Amino acid sequence: MKIIDGKSISNQIKSEISAEVAKIIDNNGRAPHLASILVGEDPASQTYVENKAKACKKVGFVSSKYNLSAKDSENDLLETIEFLNNDQNVDGIIVQLPLPEHIDEKKIIQAVKPEKDVDGFHPINAGRMAIGLPAYISATPFGIMQLLQRSEIETKGKNCVVIGRSNIVGRPVSILMSQNADPGNATVTVCHSKTKNLQEISSNADILIVAIGKPELVNADMVKQGAVVIDVGIHRKPSTEKKSGFKLIGDVKFDEVSKKASYITPVPGGVGPMTIASLLINTLKASKKEIYPQTEHN
Ligand code: GUN
């Protein structure tokens, strides 16, 4: 069994990006610029936004943070987005989710210019991705594809089972895995809360991607000998062994499943670190206008 080391793969991606930024600067270019918007003071969201800013600094990007109060109106947020959409020096915009209840998340996602939507949440990017056009792909599915590619895992013709159908992970990764691309070309089955015979289906998977948000749902009986297992879940479990009082666990029972898997992602240190690496890749692409060479959506 091999551990897919997301931390090390994400560090490798970061050094490749740093090298490219250094070249851009050498050629008198402007460093890629990511703008983050945070509404309110949710501690988890604050940490995410800070981690994204730290990662930007590490690779030589410019980052800026816009903090709105939880009481600010939807219009205030739309105005901030509009300002950043029009700022020629900003390449990528992320609005940290979730948003306070009085703000319509769908409306906000659609307010970000697709050309700057490095989260890949805008329906134009989601739609383009689905039909195989160049698009920003959101952080987690893109990170999973990078893990498979960089671990040189063959996906062509394999049975891939995705457990979970969310808009940000299960659905997009199922589309990417079925596309005529490498990685891709898998025969994909999407399972969800209404799936019957989950065990029968999952135990037929050569590649099992679990993004259902249920702590340790997947046990060894649900996994085929030699399968590649990608665990997207992250949950806190109370633990007396840890100083913090909790340990992080995934959607997969790591101890027993790792004995059957050929490759497996750990939690933490698997898919998690890849999400920021994906965001950096997207921001670099945005600064190079790689996805949308013209200003209109082609
Ligand atoms: N909240 C949880 N995940 C994400 C993400 O990938 N992007 C943004 N903007 N917010 C999130």
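Located above this text is the structure these notes cover.
It should be emphasised that the depicted structure is a prediction, and the values quoted were computed from it without experimental measurement. (Residues numbered from 1 in each chain as written. Predicted model: local features only at pLDDT ≥ 70, side-chain atom pairs only at ≥ 80, totals over all residues. Heavy atoms only, no water.)

Q: Just to check I follow, could you spell out the packing of aromatic side chains for this structure?
A: Ring pairs (aromatic) are described by centroid distance and by the angle formed between their planes. Considering all chains together, one arrives at one aromatic pair under this definition. Ring centres of tyrosine 136 and tyrosine 292 lie 6.1 Å apart, and the angle between their planes is 50°; this geometry places the pair in the tilted category. Remark: tyrosine 292 occurs in the segment after helix 10 (272-287) and tyrosine 136 occurs in the loop between helix 5 (123-130) and helix 6 (139-150); sequence separation between them is 156 residues. The residues tyrosine 136 and tyrosine 292 share a single accessibility class, namely buried. Over the face of the ring belonging to phenylalanine 246 we find arginine 236, whose NZ or CZ atom lies 3.9 Å from the ring centre. (Phe/Tyr/Trp six-rings, centres within 6.5 Å; stacked < 30°, edge-to-face > 60°. Helix = DSSP H or I, 4+ residues; strand = E, 2+ residues; numbered from the N terminus. Buried < 20%, exposed > 50% of the residue type's maximum accessible area, 1.4 Å probe, protein only. Lys NZ or Arg CZ within 6 Å of the ring centre and 35° of its normal.)

Q: Mind showing me how you'd approach the nonpolar core here?
A: Counting residues in each nonpolar core, the largest one holds 47 residues, and the members touching the most others are Ile17, Ile144, Met177, Ile209 and Ile230. Breaking this core down by element, the ones donating at least two residues are helix 1 (6-26), helix 2 (43-59), helix 6, strand 5 (159-163), helix 7 (170-178), strand 7 (207-210), strand 8 (228-231) and helix 10. Sequence-distant contacts of isoleucine 144, that is, excluding residues within four places in its chain, are made with Val169, Val173, Ile209, Ile230, Val232 and Val271. Grouped together as the second largest cluster of nonpolar side chains are 16 residues, Leu198, Leu208, Val210 and Met222 included. (Core = buried A, V, L, I, M, F, W, Y, C linked by side-chain atoms within 4.5 Å. Contact = heavy atoms within 4.5 Å.)

Q: Help me out: how do you make sense of the packing of helix 1 against helix 6 in this one?
A: Any two packed helices are characterised by how steeply their axes cross, that is the angle between the axes, and by the distance between the axes. Relative orientation of the contacting elements helix 1 and helix 6 amounts to 95°, with a least axis distance of 11 Å. Relative to helix 6, the element helix 1 lies roughly perpendicular. Across the interface between the two elements, Gly6, Ile9, Gln12, Ile13 and Glu16 from helix 1 touch Gln146, Leu147 and Arg150 from helix 6. Residue composition of the contact of helix 1 with helix 6, by class: three nonpolar, three polar and two charged. (Axes fitted to C-alpha atoms, helices over the stretch in contact; angles between N-to-C directions. Parallel < 35°, antiparallel > 145°, perpendicular 65-115°, else oblique. Nonpolar A, V, L, I, M, F, W, Y, C, P; charged D, E, K, R; others polar.)

Q: Help me understand the sheet that holds strand 2 (residues 33-39), please; the structure alone is not making it clear to me.
A: Whenever strands of a sheet pair, they do so through backbone hydrogen bonds, lying parallel or antiparallel. The parallel open sheet is built from three strands, whose spatial order is 3-2-4. Unpaired on one side and paired on the other, strand 3 (62-68) and strand 4 (92-95) mark the two borders of the sheet. Averaged over neighbouring strand pairs, the angle between their axes works out to 15° when direction is ignored. Inspection of the sheet shows strand 2 paired to strand 3 by seven bridges, in the parallel sense. Looking across to strand 3, one finds that leucine 34 is bridged to serine 63. (Pairing = 2+ DSSP bridges.)

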